[in-house]
Amino acid sequence: MYKVKVFVTLRESVLDPQGTVVKNSLHSMNYSEVSDVRIGKYMELTIKKSERPVEEAVKEMCERLLANVVIEDYRFEIEEAVAQ
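Residues numbered from 1 in each chain as written. Predicted model: local features only at pLDDT ≥ 70, side-chain atom pairs only at ≥ 80, totals over all residues. Heavy atoms only, no water.

As recorded in an unreviewed UniProt entry, the protein chain goes by the name Phosphoribosylformylglycinamidine synthase subunit PurS, listed as coming from Cytobacillus oceanisediminis. Taken verbatim from the UniProt record of the protein chain, the Catalytic activity (unreviewed entry) comment is "N(2)-formyl-N(1)-(5-phospho-beta-D-ribosyl)glycinamide + L-glutamine + ATP + H2O = 2-formamido-N(1)-(5-O-phospho-beta-D-ribosyl)acetamidine + L-glutamate + ADP + phosphate + H(+)". Taken directly from UniProt, the Subcellular location (unreviewed entry) text for the protein chain runs: "Cytoplasm". (UniProt positions renumbered as here; feature names shortened; annotations may be inferred.)

In structure tokens form, the structure reads like this:
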């Protein structure tokens, strides 16, 4: 079994209006040291071992469903999980 952590964020070239709202709200709460906020998604997948390499499967999942590759970047971390 593998535990996969997937992080999806907007590309740097894409405006992040939600991040701007959060930044402005933090400033209004006197957290003026915050200079930028980018909002993203975090997912955890548990994947059974198979003949297919887990990296290949996760990359395909990200590109087909989990991320919009036109406007989002993704990265993932794979760790071996102990079956319960």
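### Comments concerning the pairing of strand β1 (residues 2–10)
Burial of the side chains of β1 is restricted to one face: Y2, V4, V6, V8 and L10 are buried, whereas none of K3, K5, F7 and T9 on the reverse face is. Examined bridge by bridge, β1 and strand β2 (residues 40–47) share 8 bridges and lie antiparallel to one another. Of the residues in β2, the one forming a bridge with K5 is E44. Note: β1 against strand β3 (residues 72–80), 9 bridges, orientation antiparallel. Across the sheet, residue V6 finds its bridge partner in β3, namely F76. (Buried < 20%, exposed > 50% of the residue type's maximum accessible area, 1.4 Å probe, protein only. Helix = DSSP H or I, 4+ residues; strand = E, 2+ residues; numbered from the N terminus. Pairing = 2+ DSSP bridges.)

### Details of the sheet that holds β3
With antiparallel pairing, the 3 strands of this open sheet are ordered in space as β2-β1-β3. In this open sheet, the two edge strands, each paired with only one partner strand, are β2 and β3. Within this sheet the neighbouring strands show an average axis-to-axis angle of 15°, counted without direction. Lying on the sheet, helix α2 (residues 54–66) is in contact with β1, β2 and β3; it crosses β3 at an angle near 150°. (Axes fitted to C-alpha atoms, helices over the stretch in contact; angles between N-to-C directions. Contact = heavy atoms within 4.5 Å.)

### Here's the deal with the nonpolar core
By size, the foremost hydrophobic cluster in this structure holds 12 residues: Y2, V4, V6, V8, M43, L45, I47, V54, V58, C62, L66 and A67. Put simply, the parts of the chain that give this core at least two residues each are β1, β2 and α2. Those residues in contact with I47 that lie beyond four places of it in its chain are M1, Y2, V4, V54, V58 and M61. (Core = buried A, V, L, I, M, F, W, Y, C linked by side-chain atoms within 4.5 Å.)

### Brief notes about the pattern of salt bridges
Evaluation of the coordinates by the stated rule reveals 9 salt bridges. The shortest N-O distance in the salt bridge between E80 and K49 comes to 2.6 Å. Separated by 31 residues along the polypeptide, E80 in strand β3 and K49 in the loop between β2 and α2 bring together distant segments of the chain. R52 is the partner of E60 in a salt bridge, and the nearest nitrogen-oxygen pair spans 2.5 Å. With relative accessibility at 35%, the residue R52 sits in the partly exposed group. Each of the salt bridges in this network shares a partner with another, and the network as a whole consists of R52, E56, E60 and R64. (Salt bridge = Lys/Arg side-chain N within 4 Å of Asp/Glu carboxyl O.)

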